[in-house]
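What follows is each chain in one-letter form.
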Amino acid sequence: VLNASGTVESSQRSAALASSGVVTGRRVSLRQSTGVTPTLDVNLEYQVNLNLERKTGSIEKLILSGQENQKPLLQASLDRPMQLSWGTAQTSIPDSTLKLTLQDFNLQSWRPLLGTNIPNGRVNLQWTLQAQQDGKKLNAKLAGTIQELAATIGTNVLEKSEARFDVDGQLENMQVIRLNPYRVELLIGNQIAASSLGSLRFDLSTSDISLKADSEA
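Counting from 1, residues in each chain are numbered in the order their sequence is written. Given that the model is predicted, a residue must reach a pLDDT of at least 70 before its local features are reported, and side-chain atom pairs must reach 80 or more before they are shown or counted; all residues, however, enter totals for whole chains, interfaces and linings. Neither water nor hydrogens contribute to the side-chain values; these are computed over all heavy atoms in the structure.

Chemist: If you had to explain the side chain of Ser58 to someone new, which residues and values would you point to?
Modeler: With respect to the element layout, Ser58 can be found in strand β6 (residues 56–68). Buried means the residue's accessible area, taken with a 1.4 Å probe over protein chains only, is under 20% of the maximum for its type, while exposed means over 50%, and partly exposed covers the values in between. Ser58 gets classed as buried once you look at its relative accessible area, which sits at 8%. In this analysis, two residues are considered to be in contact whenever any of their non-hydrogen atoms come within 4.5 Å of each other. Once residues within four sequence positions are removed from consideration, Ser58 is found in contact with Gln47, Val48, Asn49, Met82 and Gln83. Helix and strand assignments follow DSSP, with helices taken as H or I runs no shorter than four residues and strands as E runs no shorter than two, numbered in order from the N terminus.

The following block contains the structure:
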């Protein structure tokens, strides 16, 4: 059962928007021709504001929790309201952080949604998004593992392995994306079998992209 309630308010000739609401789901699952996903209980509370004229926005509240078969799966929350700005106005805004955690996400159980070509494994990750410099810069950090990883790649069979990933990224003035650095490792029997280390810069305004990568196997 999925229930939702919320409000949307508009003012200043639709230049300013505000929305808030609550979404709850109890024993929610998705049935596909390939099977049925695990049962989820979901709770979401949110409050967001957007001012197109001033080129500012804010996430006043974001609380998300999800349980799979009554076990914690997903958590997300803000330590304080997150202010965003992509204009030239100078404001004094405190830094804020959004944290998201995914626990023991079984890829095999979610194949009806993700597709049948994904490998087996259990995903654990933490994603942190921090608004800095008066909301003009976003720092993101993603770190996690895929344990009990098993897959078939061509004629090669991969099993009893683990993948580790660690990515630091920034979005500056809502125009330039940087990944510096990122690192991905594949472990077999607690030994690093392959790794990749690199960086990326992408300018959204010009579509210029720069990628550096070093791989070992």
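Chemist: Residue-level account of a nonpolar patch on the surface, with values.
Modeler: Surface patches are drawn from residues lacking salt bridges whose relative accessible area is over 30%; two like charges belong together within 9 Å, two nonpolar side chains (Val, Leu, Ile, Met, Phe, Trp, Tyr) within 5 Å. Reported accessibility uses the Shrake-Rupley method at a 1.4 Å probe radius. Residues are deemed covered only where the shown protein chains occlude them. We count a salt bridge whenever a side-chain nitrogen from Lys or Arg sits within 4 Å of a carboxyl oxygen from Asp or Glu. Residues Leu17, Leu50, Leu52 and Trp86 make up a contiguous nonpolar surface patch of roughly 310 Å² in combined accessible area. Tracing the sequence through the fold places Leu52 in the loop between β5 (40–51) and β6. The exposure class assigned to Leu52 is partly exposed, which follows from its relative accessible area of 46%.

Chemist: Can you lay out unusual backbone geometry for me, pointing to particular residues and giving the numbers?
Modeler: Between Asn180 and the following residue, Pro181, the backbone shows a cis peptide bond with an omega angle of -5°. Mapped onto the elements, Pro181 comes out in strand β13 (residues 176–188). The phi dihedral of Glu148 falls on the positive side, at around 55°, and the residue is not glycine. The exposure class of Glu148 is exposed, given its relative accessible area of 56%. The backbone phi angle of Asn173 is positive, close to 55°, even though this residue is not glycine. A relative accessible area of 44% places Asn173 in the partly exposed class.

Chemist: If you had to explain the pairing of β5 to someone new, which residues and values would you point to?
Modeler: Strands were regarded as paired on the criterion that DSSP finds at least two bridges between them. Relative to β5, strand β2 (residues 16–28) is paired through eleven bridges, and the arrangement is antiparallel. Paired with Ala18 across the strands is Asn49, a residue of β5. Of the pairings in the sheet, the one linking β5 to β6 comprises twelve bridges and is antiparallel in character. Within β6, the position partnered with Leu44 by the bridge is Leu64. Here β5 folds back onto β6 in antiparallel fashion, the turn holding four residues, of which Lys55 has a positive phi close to 60°.

Chemist: Outline the pattern of salt bridges, supporting the account with residue identities and numerical values.
Modeler: Under the definition given, this model contains nine salt bridges. Residue Glu45 is joined to Lys61 by a salt bridge in which the shortest nitrogen-to-oxygen separation is 3.7 Å. With Glu45 in strand β5 and Lys61 in strand β6, this pair connects stretches of sequence that are 16 residues apart. Residue classification places Glu45 among the partly exposed residues on the basis of a relative accessible area of 33%. Close ionic contact of Arg122 with Glu148 constitutes a salt bridge, the shortest N to O distance being 3.6 Å. In this pair, Arg122 sits in strand β10 (residues 120–132) while Glu148 sits in strand β11 (residues 137–153), placing the two residues 26 residues apart along the sequence. A single network of salt bridges, built from pairs that share partners, joins Asp104, Arg122 and Glu148.

Chemist: Mind laying out the nonpolar core, listing which residues take part and the relevant values?
Modeler: Remark: nonpolar core denotes a set of buried residues (Ala, Val, Leu, Ile, Met, Phe, Trp, Tyr, Cys) joined through side-chain atoms within 4.5 Å. The biggest cluster of nonpolar side chains holds 14 residues, and the ones touching the most others in it are Leu102, Phe105, Leu107, Val123 and Ile146. For this core, the secondary-structure elements that each account for two or more residues are β9 (96–106), β10, β11 and β12 (156–172). If sequence neighbours within four positions are ignored, Phe105 has contacts with Leu73, Trp110, Leu114, Gly121, Arg122 and Val123. Core analysis: the next-biggest nonpolar cluster, separate from the first, contains seven residues, Leu78, Leu84, Leu98 and Leu129 among them.

Chemist: Describe in detail the packing of aromatic side chains, supporting the description with residues and values.
Modeler: Within 6.5 Å between ring centres, the rings of Phe, Tyr and Trp (the latter by its six-membered ring) count as paired, and their orientation is classed by plane angle as stacked under 30 degrees, edge-to-face over 60, tilted in between. Tallied over the full model, the rule gives one aromatic pair. Look at Phe105 and Trp110: their rings are 5.5 Å apart centre to centre, the planes differ by 20°, and that puts the pair in the stacked class. Of the two residues examined, Phe105 and Trp110, each falls in the buried class.

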